[in-house]
Structure formats: structure tokens, C-alpha cells
Amino acid sequence: MILPAREEELDLTKAHDISMNGHGCDQFDDAYAYDGDDLGAVYTEEKTGFKVWAPAASEVSLNLYEQGDGDDLIETIPMKMGDKGVWSCEKQGDLNGVYYTYSVKNGDRTNETVDLYARATGVNGNRGMIVDLRATDPEGFENDTRPAFVNPTDAVIYELHIRDLSADPSSGIRSTGKFLGLTETGTTNADGLATGIDHIRDLGVTHVQILPCFDYATVDETRPGTPQYNWGYDPKNYNVPEGSYSTDPYHGEVRINEMKRMVQALHRNGIRVNMDVVYNHTYNIQDSYFQKTVPDYYYRKVGGSYSNASACGNETASDHAMMRKYIVDSVVYWATEYHIDGFRFDLMAVHDIGTMNAVRAALDRIDPSIMVYGEGWTGGDCAIPSSQQALKANMAQIDRVGAFSDDIRDAVKGSVFEAQDKGFISGKDGMEERIRFGIVAATPHPQVPTGDGVRSWAAQPGQSINYVSCHDNLTFWDKLAISNADDSEETRIRMNRLGSAIILTSQGVPFLQAGEEMLRSKPSAAAEGGFDENSYISPDSTNSIKWSEKAKVMDTYEYYRGLIAFRRAHGALRMAETADIQRNLTFMSGLDANVVGYTIANSANGGTAEKITVIFNGNADVVDVPLPAGTWEICVNDRTAGTVSVGTAETTVSVAGISAMVLVQGDDTI
Ligand code: CA
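These numbers come from a predicted model, not from an experiment.

Conventions adopted
- Residues numbered from 1 in each chain as written.
- Predicted model: local features only at pLDDT ≥ 70, side-chain atom pairs only at ≥ 80, totals over all residues.
- Heavy atoms only, no water.
- Helix = DSSP H or I, 4+ residues; strand = E, 2+ residues; numbered from the N terminus.
- Rg over C-alpha atoms; globule rule 2.2 N^0.38 Å.
- Buried < 20%, exposed > 50% of the residue type's maximum accessible area, 1.4 Å probe, protein only.
- Contact = heavy atoms within 4.5 Å.
- Areas by Shrake-Rupley, 256 points an atom, 1.4 Å probe, with all protein chains shown as cover.
- Lys, Arg positive; Asp, Glu negative; His and termini not counted.
- Charge placed at Lys NZ, Arg CZ, Asp CG, Glu CD.
- Pairing = 2+ DSSP bridges.
- Axes fitted to C-alpha atoms, helices over the stretch in contact; angles between N-to-C directions.
- Donors = N, O, S within 2.8 Å, 3.2 Å for Na, K, Ca; no water.
- Phe/Tyr/Trp six-rings, centres within 6.5 Å; stacked < 30°, edge-to-face > 60°.
- Lys NZ or Arg CZ within 6 Å of the ring centre and 35° of its normal.
- Core = buried A, V, L, I, M, F, W, Y, C linked by side-chain atoms within 4.5 Å.
- Salt bridge = Lys/Arg side-chain N within 4 Å of Asp/Glu carboxyl O.
- Disulfide = S-S within 2.5 Å.

1. Digging into the overall build of the chain
A tally of regular secondary structure across the chain gives 14 helices and 27 strands. Computed over C-alpha atoms, the radius of gyration of the chain comes to 26 Å, within 12% of the 26 Å expected from 2.2 N^0.38 for 670 residues, which places it in the range of a compact globule. C-alpha extents for the chain along the principal axes are approximately 85 × 55 × 50 Å. Going through the 670 residues of the chain one by one, you find that 62% of them count as buried. Relative to all contacts within the chain whose residues are 6 or more apart in sequence, the contacts with residues 24 or more apart total 70%. Of the roughly 24200 Å² of accessible surface on the chain, 46% is carried by carbon and sulfur atoms. Counting 57 positive and 96 negative side-chain charges, the chain places the averaged centre of each group 1 Å from the other.

What follows is the structure, given as C-alpha cells:
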């Protein structure tokens, strides 16, 4: 590794022998980190300015093209290097709709690359496009506002893949597999039941979380008629929507307009939009625009090899100044230009704590209600020390950033790594402590002592994203089919309800995989049958939401809907401060094995109810549970969930086998 110790020691015209290695980049960053906000193509009607950070390059030029692919070069313009290794040029005239690349000479190699800051591209993201962003706004977008929302604990997140929503013919949605599928209201299945955005609105969730919808590599956008599928965790252009979700991937402005229309439609329906972002790795290294622009700067290396905490062959280097800036600039761009309301960071622990705090601070300047959360783990060994990683264990150092609770996930239904493993709802003994830990959102609580598998990691309840299923691993319903194959479907439905009740009543932030409320299954496309636990490239037949099933599962759907309505009606389930949970939430003692109960008192968090009691019975048989004094209204039991009373109880209540019960006291609204 040859690094310049001081800027004056570096002859930038012969800088091709600079290489960077892992986290030994501090001197390079000291000399070259650029903090300007003008990287990329800055468009006006009169002229466009181009700036690219490439301090190791000896030559950079701009190529202008008529289209996003093909042999249609207009001209090549040499760029000049200025401060901090930023190369620039300017072109007079209105360049809206002109495509462009940079040719960057590093060492002996000249690579043609897309601008890392490109905001539009042609088909398959192989060229950038200069774009007049104002012309991409749908009508009324300037008046688009984020639906009201304050604390992360007020969220109910619904994780959705664009294609899954509308790929099955039973969806009744015309724009199959497109952003615009989420703008179609009034769609129904053959039974006349709502599908698409109407279904999501009726369910009552506050946020949809869209699986990667920035431009990714593996779906060929030139073959829309060919069956193709990918979750999208293979980033290509970070600041451009995915072309296969648009009706025209060739004209860069179309996908921008259509994604904005999706956000606008969801906002009009009272639903916020979170993006799943994947800055921790790129599709590969050799084709990466990072690598073609500044070789090896954006990736971490250990002992000459690329570090692989992403389990995808590379990990990016957020601890390098310009990678950190890139991540921050990118989320700020999505939040401002597209009105995105939150960001879910894939393998967040590949990033360093400083970067996640910088993301939070930058988004706070736009709107503090924008959510930030992610996976507080990696897919392998990371090149930076664990003390610096945005790990679940380090969340106390990352204020107002959340992490997924694999604790509650596995406590409820069993490990995702062992298909046969059971949890609290499905017949495993000894899970009470872990369920209590989930109920208090992984925050410290005097009645949840640190012990085996239990160690609080959330400083505030809004940091714990509570879930039983997401795109990864088996669906909730398929997991039960495997772990509890000997149980009847009726029993497994009871387990599903109990699990959903735990997630939707616990403190913290509830999260659902789309279709969980309709017992979604991912049948394997393989000849041997079974279920698909890693469906990232599986066909629509596996991944799509089967709206034709909705009529058969309306009881379960209504149960989820009722739980969400109850949660949104009662602030006590959404306490924003750990101290409030400690003060107001008391676990019952002396209960039977596999039974967990608690009472929230003091009209907590501005709730209409003076007290709420929640009881979970993981046993197959009914249990009688003593109640605190007074008369209690039952809002949730084994069959129904909602905001109205379906009966009363005093002194003692019988809780059916494998079921939840939620009771309310002192609430004039019930
Ligand atoms: Ca793409």
C-alpha cells in the first residue's frame, strides 16, 4: 500500500499507484475527502455542471450519448481536476434527457463508469441520464405531505415487494409488478374483496416498507415479458429507481415519475413509505461503479482480500469518509426528492456507529419523524472492530435508530435456523422470560432480569423492531406447517393468532411481512415440493400474494386488523420512553408455566384506558388467571380482536388454550 502522508507529497498527475487498503485510509481521507454538495450532474435549463470525485485518476472525461444504450455517442469532453481530486466540466444548453458516462483512467486502465451520483439512468442502469427533476414530479407532488406520525412506537410496518403485490392474476391490479400497481385503488379479487393498496389501508398499517426498489442488477430490464424475479439485494445505482418496476425502463424520467406517484398514492391513503436500502455491499466488485471510479477505496480489505461481512463477496467501507458521505447523501436525496419516510438498513452492522449517527442527524434536519432502523448484525466477519459496528449490542450508542429483534422473533415461533424448532406459541416450554423481554422491547426492566438469552440492548422502545416473519426464511404460516406438522390447521391458526397478538401488543415497533395476515405461504417451485425459505430468485408462483385465498382466511385477516386497530387506539401499547415502561408496566407473578401476563396502569402514554391487562397462554389447555380488582372489558380473545368490548371479567378470567386475551379497564370509549 502506498499512501500519501501529506497532500503536497502527492503528484496527482501520477497518482495511479495509489491504492487503499481496508481501514488504513485515514491519511487519504485527510488529504482528499470532499464535503461539497455538488457531485453528480447539476442541471439547469441553461447548462449542466458535472463533478466526480476521483483523486486517484490521471484522466477523466465526460461522454454524452443520445440514449441509454447503443452506439450513439454525441461527444466526449475532457474534465479538469480541482481541489480534493474532484474532476469537473460544464456543458452549455438544455441537457435534460441526455445520457452520460465518465471515462476514468486509474493506473493503466480506463474504465467507463456511470456517475455514482446519477439520478436517472437508461435501461439496465448502464448509463446515467441528465434529468430535470422538477419535470418528473407528478401533478400535485409539491403539495404531497407525509401522513401525521411522531414516535417510531406509533408505527405498524408492512414489508412488501413491489412485484409480489400484483403478480398473481387474482390481484385484479392492471400494472402487474410495477410501482403503479400501488397507485390502483378499487381493485378486488374474484370474490369482490379488496386487494392492493385498498387492502393495506383497510388493514390499518402506518408504513409500508418496500423491498429494494433502487436500481438493482439481476433483472434484465430489456426483457419485461420474460419471467424474472429478484428481491433486489444486488445494488447497481443507489440513487435511481429500479427500471423493471417502471412501464418504460429506457427513458430515465419515467421510473422517477412512477415511483413518486407510488409514494404520493400511499401518502394520500394515509400510509408512509420506508425504503429498504442496501449500502453494505454491491452486486459485485468488478462491475461496480465505486470500483471503476476510485479502485478499492469504497471497499474494506483484510490482508489483501476483500472483507465479506455481507456474505455477498464484498463489504463497503462506511468508515471511509466518502463512503459515509455517499450513504448520507443518498438517504437525504430519497427523503427530499421522493418524500421517503424511513430507511431500513440491510446488514446495518456492516456500517460503523458514526455513519448511522450521521444518517440520523442528516435526516433529523429534514424531519425527525423519518424512521431509521436495520439489521443489527452482519453476514460474516467484518473488517472493523465490533465495538465500532452498528450492532444490536451497540444500539445504546445510536440514539433513535432501531434494530430488528431476532429475540422476540425466535422466542415466539422458534429459531429461523432450525425449521423444526418451536417457540412459545407452538409448544416449547421455558420461553416465558424471553417473551417478557420482547414485551418490554428489549429495554431494561426490573422484572426482566438479565439471564440466559436475555440481555437488554435497546435504550428506548422505539429501537426494537418486533416481528415474527419477514422476506427472509420461512413465512410464519410455513414455519408452523413444518414445526407443528402433527397439529391440525385449526391449532396452527390459533398459534398464528397468538403470535400476531404478541407482536402487535408488545412495546416497540411491530413489523409484519405482507400477507402474514392472510396466512401467506411460499410453496416451493421445486419438483420435490415443500416450502421456499430463501425465495430471492424464485418465481411469482412462489412469491406472489395469492389474493384468491383471502376469502378463506377472513377470520385471520380480521383478527390482525382488530389487533392493529386496538394498538393504534391505545397509547399504553406504544410507550416512547423506557422509564415509562418501567413505571407503568407490571408483570403478573405466580402464573402457570407457559403463561405470561402483565398490566399497564396509569393511563400510560395518554391512553384512554386507565389500565390494560394482556395475557398470553402458550399451553394447549385453558388457564384461569387472577385479575387485578374491578371489572374488565375483553377486547381481544382467541376468536376476535378489536376496539370494542366482547364481554366482561372480574376477579378471574379463563384464557383458552394457545390464545391471547386483552382486557381494558376505565375506558369511556369502549
Ligand atoms: Ca435494474
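After presenting the structure, the write-up continues.
2. Things to note about the sheet that holds strand 18 (residues 371–374)
Consider a sheet: its strands pair through backbone hydrogen bonds, and that pairing is either parallel or antiparallel. Strand order around the closed barrel formed by eight strands is 10-11-14-17-18-19-20-21, with parallel pairing between neighbours. Neighbour to neighbour, the strand axes of the sheet diverge by 30° on average, direction disregarded. Across three bridges, strand 10 (residues 157–160) lies against strand 21 (residues 509–513) in parallel orientation. Note on strand 21: the bridge partner recorded for Tyr158 is Leu512.

3. Focus: the coordination of the calcium ion
Within the first shell, the calcium ion binds the protein through Asp215 (OD), Tyr216 (O), Glu221 (OE) and Glu242 (OE), at distances of 2.2 to 2.4 Å. Within one chain, the residues serving as donors to the calcium ion are arranged as D-Y-x4-E-x20-E. Taken together, the residues Tyr216 in strand 12 (residues 214–216) and Glu242 in the loop between strand 13 (235–241) and helix 4 (252–268) connect sequence positions 26 residues apart.

4. Topic: the packing of aromatic side chains
Throughout the structure, instances matching the rule amount to 30 aromatic pairs. Where Tyr299 meets Tyr306, the ring centres are 6.2 Å apart and the plane angle is 80°; that geometry is what we call edge-to-face. With a relative accessible area of 0%, Tyr299 lands in the buried category. Arg127 extends its terminal NZ or CZ atom over the ring of Tyr65, reaching a point 3.5 Å from the ring centre. A cation over an aromatic ring shows up here: Lys260 above the ring of Tyr338, its NZ or CZ 5.6 Å from the ring centre.

5. Regarding helix 8 (residues 406–413)
In terms of burial, helix 8 is a largely internal element, seven of the eight residues being buried. In the segment just after helix 8, Gly414 is the residue with positive phi, at about 100°.

6. Observations concerning the nonpolar core
Grouped together as the largest cluster of nonpolar side chains are 165 residues, with contacts concentrated most on Phe50, Trp53, Tyr298, Phe343, Phe345 and Phe616. If one sorts the elements of this core by residue count, helix 6 (residues 321–337) sits on top with nine residues. Apart from residues no more than four positions distant in its own chain, Phe345 is found in contact with Val277, Tyr279, Ile327, Val331, His351, Met356, Val359, Val372, Tyr373, Gly374 and Glu375. Counting 13 residues, the second largest nonpolar core, distinct from the first, contains Val623, Leu627, Val653 and Met661.

7. Considering helix 3 (residues 196–203)
Across the eight residues of helix 3, six count as buried, placing the element largely inside the fold. Those residues of helix 3 that sit buried are Gly196, Ile197, Asp198, His199, Ile200 and Leu203. Looking at the buried positions of helix 3, the neighbouring elements they touch are strand 10, helix 2 (162–166), strand 11 (207–210), helix 4 and helix 13 (554–569). Positive phi shows up at Gly204, right after helix 3, with a value of about 100°.

8. With respect to the side chain of Asn543
Considering the arrangement of structural elements, one finds Asn543 in helix 12 (residues 540–543). Ignoring anything within four residues of it in the chain, the contact list for Asn543 reads Asp164, Tyr229, Trp231, Arg520, Lys522, Ser535 and Ser538.

9. Topic: the pairing of strand 25 (residues 623–636)
A regular strand places its side chains so that they alternate between the two faces of the sheet. Bridge count between strand 25 and strand 26 (residues 648–655): seven bridges; the pairing is antiparallel. Counterpart to Asp624 in the pairing with strand 26 is Ser654.

10. Considerations on the environment of Val331
Following the sequence through the fold, Val331 ends up in helix 6. Val331 gets classed as buried once you look at its relative accessible area, which sits at 0%. Separated by 182 residues in sequence, Val331 and Gln513 place their C-alpha atoms 23 Å apart. Excluding residues that lie within four positions of it along the chain, Val331 makes contacts with Tyr279, Phe343, Phe345, Val359 and Leu363.

11. With respect to the pattern of salt bridges
Under the criterion given, the structure shown has 39 salt bridges. With its nearest N and O atoms 2.8 Å apart, the salt bridge here joins Glu337 to Arg134. Of this pair, Glu337 sits in helix 6 while Arg134 sits in the loop between strand 9 (128–129) and strand 10, and the two are 203 residues apart along the sequence. As a salt-bridge pair, Glu337 and Lys260 come within 2.6 Å of each other at their nearest N and O atoms. Separated by 77 residues along the polypeptide, Glu337 in helix 6 and Lys260 in helix 4 bring together distant segments of the chain. Of the residues examined, Glu337 reaches a relative accessible area of 9% and is grouped as buried. With relative accessibility at 0%, the residue Lys260 sits in the buried group. Salt bridges here are not isolated pairs; linked through shared partners, they connect Arg134, Asp137, Lys260 and Glu337.

12. Quick look at the state of the cysteines
In total, this model carries zero disulfides according to the counting rule given. Not engaged in a disulfide, the cysteine Cys382 finds its nearest cysteine sulfur in Cys312; these two sulfurs lie 13 Å apart. Of all cysteine sulfurs, the one in Cys312 lies closest to Cys470, which takes part in no disulfide; the gap is 15 Å. The class of Cys470 is buried, set by a relative accessible area of 9%.

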